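Structural characterization, general
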Amino acid sequence: MRRSDREIIDKKEIIEIIRKCDVCRIVLNDKDYPYIVPLNFGMDIQDGKIVFYFHGADEGKKYDLMRKDNRVTFEMDCSHQLVMNDKKMSCTMKYESVIGRGRMEIVSEEEKMKGLQVLMKHYHQEDFPFGTVIVPKTNVFKLIVEDMTAKRR
């Protein structure tokens, strides 16, 4: 990281940033160009590792790419605020971001409900009951984070 003065090292602080974010962008390998997808997510900590759960339709390009190469990069950011400096006639942006990489897996039917509950909990203060009619037609997949960095300005 070029600006080490902005780097966040404390894992608890990184987790707090993740909790503030509402979209995680995953980047998959697609031949000559990367393929990026913005997704809603939920975070869980399993055996000391961060795991992100996602959901989607039961088919599509991201699944095809995951099956070919399950290595992904991810990015999320939040706390955006424009900061004006009238004296210097300039502006900058405050933000917090997390970038990392890991491996994607489509979860088993047994783990699917857990993944959906983790995802829903990210967007609601309490456990949120949701209809289960669509669950059989929903894919749930997870990203097991291997490493990540965080930054704040």
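Let me sum up the structure you'll find in this document. Since the model is a prediction, treat every value here as computed from it, not as a measurement. (Residues numbered from 1 in each chain as written. Predicted model: local features only at pLDDT ≥ 70, side-chain atom pairs only at ≥ 80, totals over all residues. Heavy atoms only, no water.)

Moving on, we come to the pairing of strand E7 (residues 90-106). Bridge count between strand E6 (residues 71-85) and E7: 13 bridges; the pairing is antiparallel. From the neighbouring strand, Val-72 faces E7, where its bridge partner is Gly-102. Linkage of E6 to E7, two consecutive antiparallel strands, is achieved through a turn of 4 residues, within which Met-89 is found at a positive phi near 55°. (Pairing = 2+ DSSP bridges. Helix = DSSP H or I, 4+ residues; strand = E, 2+ residues; numbered from the N terminus.)

As a further point, take the pattern of salt bridges. Counted by the stated rule, this structure contains 15 salt bridges. Note that Arg-67 is salt-bridged to Asp-64, the shortest N-O span being 3.7 Å. Residue Arg-67 and its partner Asp-64 are located together in helix H2 (residues 61-68), separated by 3 residues, close to a single helical turn. Residues Lys-142 and Glu-111 are paired through a salt bridge, measuring 3.0 Å at the closest nitrogen-oxygen approach. Within this pair, whereas Lys-142 is found in strand E8 (residues 139-152), its partner Glu-111 is found in helix H3 (residues 109-123), the two being separated by 31 residues in sequence. Classification of Lys-142 as buried rests on a relative accessible area of 10%. Sharing partners across several salt bridges, the network here consists of Glu-13, Lys-20, Glu-96 and Arg-152. (Salt bridge = Lys/Arg side-chain N within 4 Å of Asp/Glu carboxyl O. Buried < 20%, exposed > 50% of the residue type's maximum accessible area, 1.4 Å probe, protein only.)

Considering the arrangement of structural elements, one finds Asp-44 in strand E4 (residues 42-46). For Asp-44, the side chain forms a polar contact with the side chain of Lys-114, separated by 3.0 Å. Excluding anything up to four places from it in sequence, Asp-44 contacts Lys-49, Ile-50, Val-51, Tyr-53, Lys-114 and Val-118. (Polar contact = N/O pair within 3.5 Å; in protein donor to acceptor, adjacent residues only side chain to side chain. Contact = heavy atoms within 4.5 Å.)

The next subject is the packing of aromatic side chains. Inspection of every chain in the model, using the stated rule, returns 4 aromatic pairs. When the centroid spacing of 5.2 Å and the interplanar angle of 70° are considered together, the rings of Phe-52 and Phe-74 count as edge-to-face. Taken together, the residues Phe-52 in strand E5 (residues 49-56) and Phe-74 in strand E6 connect sequence positions 22 residues apart. On the basis of relative accessible area, Phe-74 is assigned to the buried category, the value being 1%. Here Phe-54 and Phe-141 contribute two aromatic rings whose centre-to-centre distance is 5.5 Å and whose plane-to-plane angle is 25°, an arrangement assigned as stacked. Within this pair, whereas Phe-54 is found in strand E5, its partner Phe-141 is found in strand E8, the two being separated by 87 residues in sequence. Across the pair, exposure class does not vary: Phe-54 and Phe-141 are buried alike. By way of ring pairs, the aromatic residues Phe-41, Phe-52 and Phe-74 are connected into one cluster. (Phe/Tyr/Trp six-rings, centres within 6.5 Å; stacked < 30°, edge-to-face > 60°.)

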